[in-house]
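Each chain, written out:
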Amino acid sequence: MRAAISEAELEPDLFTVEAAALAAARRMHADGHASGEAQRRVLGELIVHYERLMRETRRLIGRSDRAERDMHLLNRQLQTLAGQLEYRATHDPLTGALNRGAVIDHASRCLAQGDMALIVLDIDLFKQVNDDFGHPAGDGVIQAVVDCLKELLGQETAIGRVGGEEFSVVWPTSSRDDAAAIAQRICDTVGRQRHAAPITRAITVSVGLSWNRAGTAFETAYSHADQALYQAKREGRNCVRQWLES
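Reading the values: rules and limits
- All residue numbers here refer to positions counted from 1 along the written sequence of the relevant chain.
- Reporting of local features is limited, given that this is a predicted model, to residues whose pLDDT is at least 70; pairs of side-chain atoms are given and counted only at 80 or more, and all residues count toward the totals for whole chains, interfaces and linings.
- Heavy atoms from the whole structure form the basis of all side-chain values; hydrogens and water molecules are not counted.
- Counting from the N terminus, the helices are DSSP H or I runs at least four residues long and the strands are E runs at least two residues long.
- When accessible area is computed with a 1.4 Å probe and restricted to protein chains, residues below 20% of their type maximum are described as buried, those above 50% as exposed, and intermediate ones as partly exposed.
- Any two residues whose heavy atoms approach within 4.5 Å at even a single point are treated as in contact.
- When DSSP finds two or more bridges between two strands, those strands count as paired.
- Only the contacting stretch of a helix is used when fitting its axis, a line to C-alpha atoms as for every element, and angles between N-to-C directions run 0 to 180 degrees.
- Only buried residues count toward a nonpolar core, which is a set of Ala, Val, Leu, Ile, Met, Phe, Trp, Tyr and Cys residues joined through side-chain atoms within 4.5 Å.

Q: Go over the overall build of the protein chain with me, naming the residues and quoting the values.
A: Each helix and strand counted, the protein chain has 8 helices and 5 strands in total. Listed by position from the N terminus, the elements making up the protein chain come as α-α-α-α-β-α-α-β-β-α-β-α-β. Residues classed as buried in the protein chain amount to 37% of the 246 residues present. Sequence separation of 24 or more characterises 71% of the internal contacts of the protein chain that already satisfy a separation of 6 or more.

Q: So what's going on with the sheet that holds strand 3 (residues 166-172)? Which residues, and what values?
A: The strands making up a sheet associate through backbone hydrogen bonding, with each pair oriented either parallel or antiparallel. One open sheet accounts for 5 strands, arranged 2-3-1-4-5; its pairing is mixed. What marks the edges here is a single partner per strand, and that holds for strand 2 (158-161) and strand 5 (240-242). Averaged over neighbouring strand pairs, the angle between their axes works out to 20° when direction is ignored. In this structure, strand 4 (residues 205-212) lies alongside strand 5, joined through 3 bridges in parallel fashion. Bridge pairing in strand 5 places L209 opposite Q242.

Q: Hey, could you go over the nonpolar core for me, with residue numbers and the actual values?
A: In terms of nonpolar packing, the biggest core is built from 33 residues, with I119, L121, I123 and I186 touching the most fellow members. Put simply, the parts of the chain that give this core at least two residues each are strand 1 (116-123), helix 5 (126-133), helix 6 (135-153), strand 3, helix 7 (176-192) and strand 4. No other element matches helix 6, which puts 8 residues into this core. Apart from residues lying up to four places away in sequence, L121 is in contact with V145, L149, E165, E166, F167, V169, I186, V205, S206, V207 and L229. Counting residues in hydrophobic clusters, the runner-up holds 17 residues, among them A107, L118, A221 and L229.

Q: Summarise the environment of I186; cite the residues concerned and give the values.
A: Mapped onto the elements of the fold, I186 is located in helix 7. In this structure I186 comes out as buried when scored by relative accessible area, which is 0%. The spacing of I186 and V205 is 19 residues in sequence and 8.6 Å in space, taken between C-alpha atoms. Ignoring any residue separated from it by four or fewer positions in sequence, one finds I186 in contact with I119, L121, L149, L152, L153 and V169.

Here is the structure:
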């Protein structure tokens, strides 16, 4: 019975001609009686096939190098795309501030690690700004407020746009007085800001503040700051109110 054919025997041999030339050269080397002409013929064939192998090897190496470069380029492009997608998923497209979800995630992490103030602010009478000057001007005011916060608090501070004209600032601190001082600086600085045409009047914000111990839930911190914000609205706007435990 014929023996089973192995997988190696079924695979195509890419170097059949070269292998035959090498075998002929070995036989010629072992044959001490071979003529010089025969030796030259076999050596010539061996040289031809060896040169072909060198050309093919160089070609394959070049192709491999190009494939590796292409792979590196593709990986960089994928990393860039992933970064862009992550940025879009976590930032407000108009202002570049964090969006609501990103603020919640960041504030929750801060509260898990230590004491934190949550400052919320709302542009006063913003509907009148849109009605009097148009929505593009209103968008410009929103952008200007965020730019003002970034300049005042630093680029590393977590500043978010959590509503149409409502913003939040996450301010880790163990000092209630420090938090109150920052909130007042925000209110004063935004109120002094001058806006580009066609805005012809001052833009102010009402500010609500909650200072929270480590371990406080974000929902609790935000609810308290929101209550303080509405108190500021009720009591005349352009002011800071702090939520205090009763």
